[in-house]
Amino acid sequence: MDAGNVKEFVNNLTIQDEMVRYDGHLYYFYGIRYDNKRNVYYTSIDQFGEDIHHFEREFYYYEGADVSDCLEHIVSDKYWNGKDFYEVEAMMTWVDG
């Protein structure tokens, strides 16, 4: 991961949002959140164009029983054109908000 340490990036997702630039798009990781009403943890990623003002689509969404479950899925699910996060992270650039 350019401009940062991938382990730090992943750890940050348990406490805050983060962004990366990959394959011509900006991806906003919303981190892991808790929904009190439904008693679930969830995480999502939105895809933007060149900048945060050009929303394109919700790219990824996952609900789980706890923080660890969500974190495991966000890095191991194959939503990056059939690859998981660790298979593409070397081509990502960590972006400051």
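Colleague: Before we go on, may I ask you to explain helix H2 (residues 67-76) in this structure?
Modeller: Working note: α-helix, 3.6 residues per turn, so residues spaced by three or four point in the same direction. Residues of H2 that are buried: Cys-70, Leu-71, Ile-74 and Val-75. On an axial view of H2, the arc spanned by its buried residues comes to 120 degrees, and they lie on one face. For H2, the elements touching its buried residues are helix H1 (6-12), strand E2 (25-35), strand E3 (40-48), strand E4 (55-64) and helix H3 (85-88).

Colleague: Sorry if this is basic, but what is going on with the pairing of strand E1 (residues 18-22) here?
Modeller: Taken residue by residue, a regular strand's side chains alternate between the two faces of the sheet. Of all the 5 residues making up E1, 4 are buried; the element is thus mostly covered by neighbouring parts of the structure. Alignment of E1 against E2, held across 5 bridges, turns out to be antiparallel. Within E2, the position partnered with Arg-21 by the bridge is Leu-26. Linking two consecutive strands that pair antiparallel, namely E1 and E2, is a turn of 2 residues; a positive phi of about 50 degrees is found at Asp-23 within it. One ladder, built from 3 bridges, connects E1 with strand E5 (residues 93-95); its direction is antiparallel. When the bridges of E5 are listed, Met-19 appears paired with Val-95.

Colleague: I tried to follow the side chain of Asp-84 on my own but got confused; where do I start?
Modeller: Summarising the element assignment, Asp-84 is placed in the loop between H2 and H3. For the buried Asp-84, no salt bridge is present, and the opposite-charge side chain at shortest range is Lys-78, 4.1 Å distant. Apart from the residues within four sequence positions on either side, Asp-84 is in contact with Val-75, Ser-76, Asp-77 and Lys-78.

Colleague: Quick question: what am I supposed to make of the environment of Met-91 here?
Modeller: Here Met-91 lies in the loop between H3 and E5. For the pair Met-91 and Asn-5, spaced 86 residues apart in the sequence, the C-alpha separation amounts to 13 Å. Ignoring anything within four residues of it in the chain, the contact list for Met-91 reads Arg-21 and Tyr-22.

Colleague: Please explain the side chain of Asp-46 as it appears in this structure.
Modeller: Mapped onto the elements, Asp-46 comes out in strand E3. Buried and unpaired, Asp-46 has Arg-33 as its nearest opposite-charge partner, separated by 8.4 Å. In this structure the side chain of Asp-46 is engaged in a polar contact, spanning 2.9 Å, whose partner is the side chain of Tyr-30.

Colleague: Help me understand the pairing of E3 in this model?
Modeller: Along E3, 7 of the 9 residues are buried, which leaves the element largely enclosed by surrounding structure. Sheet analysis places E2 next to E3, joined by 8 bridges and oriented antiparallel. Among the inter-strand pairings, Arg-33 is bridged to a residue of E3, identified as Tyr-42. The hairpin formed by E2 and E3 contains 4 residues between the paired strands, and Asn-39 there has a positive phi angle of roughly 60 degrees. Of the pairings in the sheet, the one linking E3 to E4 comprises 8 bridges and is antiparallel in character. Among the inter-strand pairings, Gln-47 is bridged to a residue of E4, identified as Arg-57. In sequence, E3 turns back onto E4 through a hairpin of 6 residues.

About the thresholds
Residues numbered from 1 in each chain as written. Predicted model: local features only at pLDDT ≥ 70, side-chain atom pairs only at ≥ 80, totals over all residues. Heavy atoms only, no water. Buried < 20%, exposed > 50% of the residue type's maximum accessible area, 1.4 Å probe, protein only. Helix = DSSP H or I, 4+ residues; strand = E, 2+ residues; numbered from the N terminus. Arc of directions from axis to C-beta. Contact = heavy atoms within 4.5 Å. Pairing = 2+ DSSP bridges. Lys, Arg positive; Asp, Glu negative; His and termini not counted. Salt bridge = Lys/Arg side-chain N within 4 Å of Asp/Glu carboxyl O. Polar contact = N/O pair within 3.5 Å; in protein donor to acceptor, adjacent residues only side chain to side chain.

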